[in-house]
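Each chain is listed here by its residues.
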Amino acid sequence: MNTFEMIYEVVKKIPKGNVATYGQVASLAGNRRWARVVGYALHNNPEPGVIPCHRVVNQAGEVSKAFAFGGQNQQVELLKAEGVEFENGRVKMDEFQWETPWLEME
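Counting restarts for each chain, with residues numbered from 1 along the sequence as it is written. Note on the predicted model: pLDDT of at least 70 is required for a residue's local features to be given, and 80 or more for side-chain atom pairs to be given and counted; whole-chain, interface and lining totals, by contrast, use all residues. No hydrogens and no water enter the side-chain calculation; it runs on all heavy atoms of the structure.

(A) Representation of the pattern of salt bridges within the structure. Whenever Lys or Arg places a side-chain nitrogen within 4 Å of a carboxyl oxygen from Asp or Glu, that contact is recorded as a salt bridge. On inspection of all chains with the given rule, the structure shows four salt bridges. Across the pair E9 and K12 runs a salt bridge whose closest N-O atoms are separated by 3.2 Å. Of the two residues, E9 and K12 are both situated in helix α1 (residues 3-12); the distance of three residues between them amounts to about one turn of the helix. Exposure remark for K12: the relative accessible area of 35% places this residue in the partly exposed category. The secondary structure listing takes helices from DSSP runs of H or I that are at least 4 residues long and strands from runs of E that are at least 2 residues long, numbered from the N terminus. Three exposure classes are used, based on accessible area relative to the maximum for each residue type with a 1.4 Å probe and protein chains only: buried under 20%, partly exposed in between, and exposed over 50%.

This is how it looks when you write it as C-alpha cells:
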C-alpha cells in the first residue's frame, strides 16, 4: 500500500460528525511528519464521495482555503451538515475532534 492509500484508509475511518487534524491523520497513517503529505493526498482525492476529506482540518480547527471540492465554504457546509459546530470560523475542536486514544499526539 502506498502512502496516499494509507492516508485514505485513515480518513475513511473518521466518524461522521467528527474532524481530525492533518497531523493526526499523518500519525495514524504511519508517520507524524506527513502532515503536508496528507494535504497533498486529500487535494488529489480520487473518490470524494467515499473518502471524506472534508473531515480533515488544521490544528486550530480551520478548514482548508484550498479545499479541492468546492472551496472552503463547501467544506464548512459539509461539516455543518454532519452536525459539526464552529466558533469564530473554527471547528470546536474540544467537542468535535475525533478521539483516537491509542494515538499519542505531540
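(B) Highlighting the nonpolar core. Working definition of a nonpolar core: buried Ala, Val, Leu, Ile, Met, Phe, Trp, Tyr and Cys residues. They are joined through side-chain atoms within 4.5 Å. If you look at the biggest cluster of nonpolar residues, it comprises 19 residues, and the most contacted ones within it are I7, V11, I14, V25, V38, L42 and V56. Taken together, the elements giving at least two residues each to this core come down to α1, α2 (22-29) and α3 (35-43). Should any heavy atoms of two residues lie within 4.5 Å, those residues are counted as being in contact. Beyond its immediate chain neighbours, meaning those up to four positions away, V11 contacts V25, L42, I51, P52, C53 and V56. One finds V57, V91, M93 and F96 within the second-largest nonpolar core, a separate group that totals 10 residues.

(C) The arrangement of the packing of aromatic side chains in detail. For Phe, Tyr and Trp, rings pair up if their centres lie within 6.5 Å, where Trp contributes its six-membered ring, and each pair is then called stacked (planes under 30 degrees apart), edge-to-face (over 60) or tilted (otherwise). Scanning all chains against the criterion turns up one aromatic pair. Arranged with centres 6.2 Å apart and planes meeting at 70°, the rings of F4 and Y8 form a pair that is edge-to-face. Here F4 pairs with Y8, and both are found in helix α1, just four residues apart, close to one helical turn.

(D) Looking closely at the environment of G70. With respect to the helices, strands and loops of the structure, G70 is situated in the loop between β2 (56-57) and α4 (71-81). As for G70 and H54, which are separated by 16 residues in sequence, their C-alpha atoms are 10 Å apart.

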